[in-house]
Amino acid sequence: MDIPERASDNRPYFFLSYAHTPAWGPGGGDPDHWVHVLFTDLCDHIMALTDLPAGAPAGFMDREMRSGDGWPEKLSENLATCRVFVPLFSPRYFTSESCGREWFAFNERILRARAAGSGVVPAIVPALWTHIDYAQLPDSVRHIHVDQGAFGDRYAANGIYGLIKLNRLHDEYEETVLGLAQRIVRVAQESPLPSSRPRPYESTPSAFKPRGEGPRRIHLTVAAPTRHSIPEHRDARPYGEDAQDWNPYHSESTRPLPSLAEELIRSLDYRITVSSFDDEDTGETLVTDDSDKAAPSHPGILLVDRWALTDEERTRRLKAFDANARPWVSAIVPWNRSDIQCHGEEGRKLAADLERTLPLILDRGRRTDCRVAVNGVPTLKAFTDVLPAVVAHATRQYLKHAEAHPPPGPPIHRPRLMGPITGPTHPPLPEGGSDHGGEEA
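Residues numbered from 1 in each chain as written. Predicted model: local features only at pLDDT ≥ 70, side-chain atom pairs only at ≥ 80, totals over all residues. Heavy atoms only, no water.

Naming follows an unreviewed UniProt entry, where the protein appears as TIR domain-containing protein of Streptomyces albiflavescens.

(A) Representation of the nonpolar core in the model. Of all hydrophobic cores here, the largest spans 97 residues; its most connected members are Phe14, Ile46, Trp103, Ile184, Ile332, Phe383 and Leu387. Of all hydrophobic cores here, the second largest spans 18 residues; its members include Ala223, Leu309, Val329 and Ala331. (Core = buried A, V, L, I, M, F, W, Y, C linked by side-chain atoms within 4.5 Å. Buried < 20%, exposed > 50% of the residue type's maximum accessible area, 1.4 Å probe, protein only.)

(B) Geometry of the side chain of Ser253. Turning to its location among the elements, Ser253 is positioned in the loop between β5 (216-223) and α6 (257-266). When its relative accessible area of 5% is taken as the criterion, Ser253 is described as buried. Excluding its chain neighbours within four sequence positions, the residues that come into contact with Ser253 are Ala115, Asn247 and Leu380. (Helix = DSSP H or I, 4+ residues; strand = E, 2+ residues; numbered from the N terminus. Contact = heavy atoms within 4.5 Å.)

(C) Structural view of the environment of Pro53. Considering the arrangement of structural elements, one finds Pro53 in the loop between α1 (33-49) and β2 (59-60). Given the relative accessible area of 34%, Pro53 is considered partly exposed. Distance from Pro53 to Asp9, taken between C-alpha atoms, is 9.9 Å for residues 44 residues apart in sequence. Setting aside residues no more than four positions away along its own chain, Pro53 makes contact with Asn10 and Met47.

(D) How the structure looks around the sheet that holds strand β4 (residues 127-128). Spatially, β2-β1-β3-β4 is the arrangement adopted by the four strands of the open sheet, whose pairing is parallel. Two strands lie at the open edges of the sheet, namely β2 and β4, each paired on one side alone. In terms of strand pairing, strand β1 (residues 14-17) meets β2 through two bridges, oriented parallel. Across the sheet, Phe15 pairs through a bridge with Phe60, a residue of β2. The strands touched by helix α5 (residues 170-190) within the sheet are β1, β3 (84-89) and β4, with β3 carrying the most contacts at an inclination of about 145°. (Pairing = 2+ DSSP bridges. Axes fitted to C-alpha atoms, helices over the stretch in contact; angles between N-to-C directions.)

(E) Highlighting the pattern of salt bridges. Scanning all chains against the criterion turns up 23 salt bridges. Of the charged contacts, one joins Arg112 and Glu108 as a salt bridge, the two residues approaching to 3.5 Å between their closest N and O atoms. Here Arg112 and its partner Glu108 are both found in helix α3 (residues 97-118), four residues apart, which amounts to about one turn of the helix. Classification of Arg112 by relative accessible area gives buried; the value is 18%. A salt bridge links Arg234 to Asp339; the shortest N-O distance between them is 2.9 Å. Of the two residues, Arg234 sits in the loop between β5 and α6 while Asp339 sits in the loop between β8 (329-332) and α9 (344-357), which places them 105 residues apart along the sequence. The same class applies to Arg234 and to Asp339, which are both buried. Each of Glu108, Arg112, Arg199, Lys381 and Asp385 takes part in a single network of salt bridges with overlapping partners. (Salt bridge = Lys/Arg side-chain N within 4 Å of Asp/Glu carboxyl O.)

(F) Spatial organisation of the pairing of β1. Taking every second residue as pointing to the same face, both faces of β1 are buried, with Phe14 and Leu16 on one and Phe15 and Ser17 on the other. Both β1 and β3 contribute to a ladder of four bridges, which runs parallel. Residue Phe15 lies in a different strand from β3, and its bridge partner there is Phe85.

(G) Representation of the side chain of Arg11. Looking at where Arg11 falls in the secondary structure, it is placed in the segment before β1. Excluding residues that lie within four positions of it along the chain, Arg11 makes contacts with Leu52, Pro57, Thr81, Arg83, Arg109, Leu193, Pro194 and Ser195.

This is the structure in structure tokens:
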């Protein structure tokens, strides 16, 4: 009996993500030389450990691409096809917007694969370039296990950079790199990650919040029926026991949409809370201007199913929600274009009902660059593409409009430069003015 040939997979085994080190002065040489040495050594080991044919790339790094034409497209293509993502952890890594974009794009690919039924895919394999404390890690990466002692105490204390720079630690460097290559190959073969369509690099958000910014929070409210509250003729497959079980893209995903949204928002370095709109006081506390209720301390997103409007009481509450919505509350309206019940006369009626129920929120959404969110998001990919933009917009609106609360205690007046003092009898300068007898500060 003929044994069918296994389809060849010549995708690169790993994407090396690293923070470019700035040159410190003329004649200082290539500051990323040692990263390239590590990359070359990893590629040599992987070629020896696998059956990649001659000429196939064992890995990818952007060393030769920084100023070349088409480098964003090349970067996106490799993020969409490389089997394992290897970030080189260092303090500089988590302040790099480029590294944050690379992390987000690859992690989004993992989340989509998991939603499609691939299960947990541990395709992010971090390595320590320098020592870093756990407290320095952003919230968005803390779910990734970093075993600092995996390759010995010197690796944990010095990172690969320390091992490669010290001649006396050469053997430990070689052992560490071989172990890292073996782990990359093992993960790639035991938990294969499907390729995806490249995500445009320039529009990819960073997984790391800007330097110096405190914790970012956001609240997600889910307005959807359960399988017990839908009309009798409605297909029950998208629904569960709770609104948070709602899965409109059930033909593409095995996971509830709120759970996927929660993970995707957390990967943007946000601390997120999720609730069902039908829960007591959900929504009103978040968005009303009632002075008896505490003002929210974070922006919000309403995830709404058009079929939620088949319940009169929920529709009434959603209308009140909209009437009092603050500018930092945005909406997303997912629907499945392959769901035939969302088309035809009933689908058009539900869309019209939504327009009458949430006119303020929908109008605000259409005046942004992510208007597809309120016009109807027809696929899972379209949802994961637009969600980061909605999160960013809601955050900007919150920072623009929300009331600032200064710390308790007496106010601290801003220091004011008073100008030069020429002698003990020199009068003080008038507030906001300058003394014509001296130079203006």
